[in-house]
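Take a look at the letters that make up each chain.
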Amino acid sequence: MPFQIRVAETAGFCFGVRKALDKLLEIRNRTHGPVRTLGPLIHNEQVLEALKNRSVDELLPDEDVSGKHVILRAHGVTPDTRDVLKSRDAVICDATCPKVAQVQAIVKKYAQKGYPVIIIGDKGHAEVDGLLGYAGDRGRVVTGPAAAEMLEGGSRVCVVAQTTQDLQVFNETVAIIKEKFDECFEFNTICDATYERQEETRLLAVQSDAMVIVGGRNSANTKRLYEIAAPHCRSVMIQSASGLDPGFFKDVRRVGVTAGASTPAWVIRDVVDRIHAIGWQHSGRLPDRMYHCVRFLTMSHLTWAAGAAMGYAALMQVVAERPLWNVALIMLLLFWIWRIRGHRLNPHIDLGLTVAASIAAVLPLIIATKIHPAISASAALYFVSMMLTRLFLNDCLNVQADRIAGYRTLPVLLGDRCIPWVSGLTITVMLATSVVLIVMKPVPPAYGLLAAPILNLYCFRFLMRQPEWLTLRANLTLDMPFWFTALSVYILSWFS
Ligand code: F3S
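I will try to describe carefully the structure that is included in this document.

Criteria and cut-off values
- Residues numbered from 1 in each chain as written.
- Predicted model: local features only at pLDDT ≥ 70, side-chain atom pairs only at ≥ 80, totals over all residues.
- Heavy atoms only, no water.
- Core = buried A, V, L, I, M, F, W, Y, C linked by side-chain atoms within 4.5 Å.
- Buried < 20%, exposed > 50% of the residue type's maximum accessible area, 1.4 Å probe, protein only.
- Helix = DSSP H or I, 4+ residues; strand = E, 2+ residues; numbered from the N terminus.
- Contact = heavy atoms within 4.5 Å.
- Pairing = 2+ DSSP bridges.
- Right-handed = clockwise from strand over helix to strand, strands pointing away.
- Axes fitted to C-alpha atoms, helices over the stretch in contact; angles between N-to-C directions.

### Structural notes on the nonpolar core
No. 1: Core analysis: the largest hydrophobic core is formed by 55 residues, its most contacted members being Leu51, Val212, Phe249, Val257, Ile275 and Ile404.
No. 2: Here this core gets 7 residues from one element, more than from any other, and that element is helix H10 (residues 265-282).
No. 3: Excluding residues within four positions of it along the chain, phenylalanine 249 makes contact with Phe3, Val212, Arg234, Leu244, Val255, Ile275, Ile278 and His282.
No. 4: Core analysis: the next-biggest nonpolar cluster, separate from the first, contains 33 residues, Tyr312, Ala320, Val362 and Ala446 among them.

Right, dumping it as C-alpha cells:
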C-alpha cells in the first residue's frame, strides 16, 4: 500500500518572506544593474541559486554599493548597518518583515527608557543581531531556561522573543526571569505564522508515523519544527528531495510533511513526489511500475495531448456528426510537440498559439461540412476556452517558481489577483458555448459538452485549495475535463 501523505497547510513561505521576495523581484524586474542583498535573503539554497542567475547576490564586505540597490532582508538589520549603507550611497530597499519591525520598535523604546532588554532567541541569528543593535549596550540574548538560570537579577527588565521562538521555551524562560527581577515587561513577540506552523507540526507529528521537515540547514524556524516533531514520531530534516533515504520509511504508513518559512513550494512538491515514489516502491514491483507509467504519461503531457485530441473528436461528433479521428490524431501529435517544446514560452506566443491552433483545428473543418456559422463559432470558442483553461491552470501550478526564475508565463504577468478572474472567464465562455451548442444541436451527445466546464470548475477549486506541491495529481486533475467530456459524449451517443 502507498503511504498516506499529509502536507501541512502552513508549510512554505510565510507572509514576511513572501513580501521580501515580492519586493526584491519587483526591483529586479524594474532595474537592469546588479541587485544586492545584505546577507542571504532567505535560508534556502534553491531560491538563492535561482536569484543568483538573475544577478541578485549577497553584498560582499568591501564591495562598492554606490547607486546599487541593496535589499534589507526580512530578518532586519541594526540601525548602524542601515546608516553605513546610507553613507555609502546605496539605494536601500527595506524588506524587513513588519512583525520583526514591531519587535525592533519595542526593543528601541524600552532601551531608550533605560531598561535592560532580554531577547529570548538564538545567539548569532540575523534577526537577534538586528534586535541587539536596537538595544545598544542594554541588550542580552538568552537561549532558553538553562541560560535564564544564570542571569543576575535586578529591579526591572524588558523581555522579547525572536519571532520564530518556540512558545513553550519562551514561557518557561520568562517564568525564570520573572523570579529574578522585581518588574518584568514581557512581550510575546513570537509571530502568529510561526505559532500556527509549530502547532500544526505538533498535531501532524502526533497523527503520523514519520515526519519530513523541509528547509534550509541554517533556517532556525525549520530546526525548531524538527525539535517539535521529533519527540512524537520518527522525524527527519532535509533540504531537498535528494536528502530522502527510502530506508527511513520502513514500516511507515502515515507520513506528515511540513516546511520552514523560507522553503519554496516547488521544493516541497519535489519532496512529496519523491515520498509518493518511495511509497509505491515499497508496495511491490507491479504497483511501482504502474505508478511510473502513469507518471511518465502525465508528466510528458501525453495524457493531456491525447485528452485534447479525444475532446476534439467528441466536439466534432456533436457538431459535424463524425469524430474526424485522422484530424484528432494529427492534433494529438501537434499539441504534444507544441506543449513539450512550448513549456515556458513567451506568454504572447503561448496564448496566440493556443487560440490559432484551436481555431485552425475547428473552423475550416466545420465550414467545410457546411454547418451553421453560429454553431461553428461556438464550437471554436468552446475548444479555445477549454485549451486556454488547461494552459492557464497548469501554469498556475508553477507560478511561484516561474516568478523567481523570471519566466513570464500568463499567471506571472497577470498576478495572483487576476488568476480567479481569468479562470472564471474562460470557464464561463466554455459553459456559455456548450449551452449554445446544446440549444442549436439538441441531441443527447451535446449534453456531454457540459462535462468540461463543470469539471474545470472543480479543477479550479482544487488548485485554489490545494497547495502547489501535488504535481502528479494536479496534472491528472487538469487532464480530466478532456477525457470526461469525450467519455460523456460517446456514452450519450449510444442513446441517440
Ligand atoms: Fe515575519 Fe513571521 Fe515570517 S516574523 S518573516 S512572518 S516567520
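Back to the text.
### Describing the pairing of strand E6 (residues 117-120)
No. 1: Judged by which residues are buried, E6 turns out to be covered on both faces: Val117 and Ile119 on one side and Ile118 and Ile120 on the other are all buried.
No. 2: Two elements, E6 and strand E7 (residues 139-142), share 4 bridges in a ladder whose sense is parallel. Note on E7: the bridge partner recorded for valine 117 is glycine 139.
No. 3: A crossover links E6 with its parallel partner E7, the connecting element being helix H5 (residues 126-135), and its sense is right-handed.
No. 4: Judged from the 4 bridges that link them, E6 and strand E8 (residues 154-161) form a sheet pairing that is parallel.

### Side note on the sheet that holds strand E5 (residues 91-94)
No. 1: The strand order E3-E2-E4-E5 describes an open sheet built from 4 strands, whose pairing is parallel. Whereas interior strands pair on both sides, the edge strands pair on one side only; in this sheet they are strand E3 (56-58) and E5. Each strand axis lies, on average, 30 degrees off the axis of its neighbour in the sheet, ignoring direction.
No. 2: Summarising the sheet, strand E2 (residues 35-37) and E3 pair through 3 bridges and their orientation is parallel.

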